[in-house]
Amino acid sequence: MLNELLNAGLSPWVLLPLLLVAMVAGFVDTLAGGGGMLTVPALMLALPPDAALATNKLQGSFGTLSATWYFVCRGQIRFRKLLPGIIACALGAAAGAAVVQWLPPDLLRKVLPLLLATVALLFIFMPSLGTMEREARLPYGHFVSGALFPLGFYDGFLGPGTGSFLMLALIALRGYTLQNATIEAKAYNATTNLMSLFVFLAGGRVIWLVGLMMAVGQLLGARLAAGLIISKGNRLIRPAVITMSLLMSGYLAYRFWF
């Protein structure tokens, strides 16, 4: 693995800053999504673009899987109940990753900042959103096909903000609280990350030493944030979602509009 790093033209000393970035990203991503806004630019500074994106999926998958496993161990997630949604997310992500090979995603990239800004504005101007459970507007079967499959497709196709969109869909369509939506969204997001990772692994562009080192940071950051989600709930998640949605919107607008 060290030879792999040297062949990529990297000093072993670059691993420590990337580990620290991944730790912060794992914490942020578990709370509100948007961790890739930190890890992708950091990896782009060190690696070629294709290797950076592939390695980012490897390290990011560890964060979502770590948070998901934490919630499973505490009885917050029951996989048997969520299995149809997990399958839909996996199929959607696989389809999105396949389609992105030949369909230009430029139009979606230009619309994405507006969608993320809308997420933030909804939480700002609707302070009661996600504070209590409400009656579901869609039965789970319809939610799986009408929301989870398309969001899985989106994550495989492009990706930024998937966690935020999953949370909003669970609140708006299934009547979840923000806390419960954040927890369940992790299982779906972990699925889409893994499926996208498999596509990148097939391409052989992952820098394993970098990805696994950053995965350690992701595990630590995600574990800390997962504990805070259970203990602090909406009081912590709401401002985090608003802040990260606005930051992602601004970052992506700068990147794709100018």
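Refer to the structure presented above.
Residues numbered from 1 in each chain as written. Predicted model: local features only at pLDDT ≥ 70, side-chain atom pairs only at ≥ 80, totals over all residues. Heavy atoms only, no water.

*Asks:* For the packing of aromatic side chains, give the residues involved together with the corresponding values.
*Replies:* One pass over the full model with this rule turns up 2 aromatic pairs. Pairing Y70 with F71 gives two aromatic rings, centres 5.9 Å apart and planes at 75 degrees, and the pair type is edge-to-face. Taking the centre distance of 5.8 Å and the plane angle of 70 degrees together, the rings of Y154 and F165 count as edge-to-face. Separated by 11 residues along the polypeptide, Y154 in helix 7 (residues 140–157) and F165 in helix 8 (residues 162–174) bring together distant segments of the chain. According to the relative accessible area criterion, F165 is buried, its value standing at 13%. (Phe/Tyr/Trp six-rings, centres within 6.5 Å; stacked < 30°, edge-to-face > 60°. Helix = DSSP H or I, 4+ residues; strand = E, 2+ residues; numbered from the N terminus. Buried < 20%, exposed > 50% of the residue type's maximum accessible area, 1.4 Å probe, protein only.)

*Asks:* Go over helix 5 (residues 79–99), please, and point to the residues and values.
*Replies:* Taking 1.5 Å per residue, 21 residues should reach 30 Å; helix 5 reaches 28 Å between its end C-alpha atoms and fits that length. G85 marks where helix 5 bends most, by close to 35 degrees. For helix 5, the complete set of buried residues consists of L82, G85, I86, A88, C89, A90, G92, A93, G96, A97 and V99. (Expected span 1.5 Å × (residues − 1). Bend = angle between axes of the 7 residues up to and from the residue.)

*Asks:* Describe the packing of helix 5 against helix 9 (residues 178–203), and please don't skip the residues or the numbers.
*Replies:* Packing of helix 5 against helix 9 brings their axes to within 8 Å, and their N-to-C directions diverge by 35 degrees. Where helix 5 crosses over helix 9, the handedness of that crossing is right-handed. Contact residues: helix 5 offers F79, L82, G85, I86, C89, A90, A93, A94 and A97, while helix 9 offers E184, A187, Y188, T191, T192, M195, S196 and V199. Partitioning the contact of helix 5 with helix 9 into residue classes produces 12 nonpolar, 4 polar and 1 charged. (Axes fitted to C-alpha atoms, helices over the stretch in contact; angles between N-to-C directions. Left-handed = near helix turned anticlockwise from the far one by under 90°. Contact = heavy atoms within 4.5 Å. Nonpolar A, V, L, I, M, F, W, Y, C, P; charged D, E, K, R; others polar.)

*Asks:* Can you break down helix 4 (residues 49–73) residue by residue, with the values?
*Replies:* Across its 25 residues, helix 4 extends 36 Å between first and last C-alpha, which sits within 8% of the 36 Å expected from 1.5 Å per residue. Two residues or fewer after helix 4 comes G75, characterised by a positive phi angle close to 70 degrees.

By themselves, these figures tell us nothing about what the structure is for.
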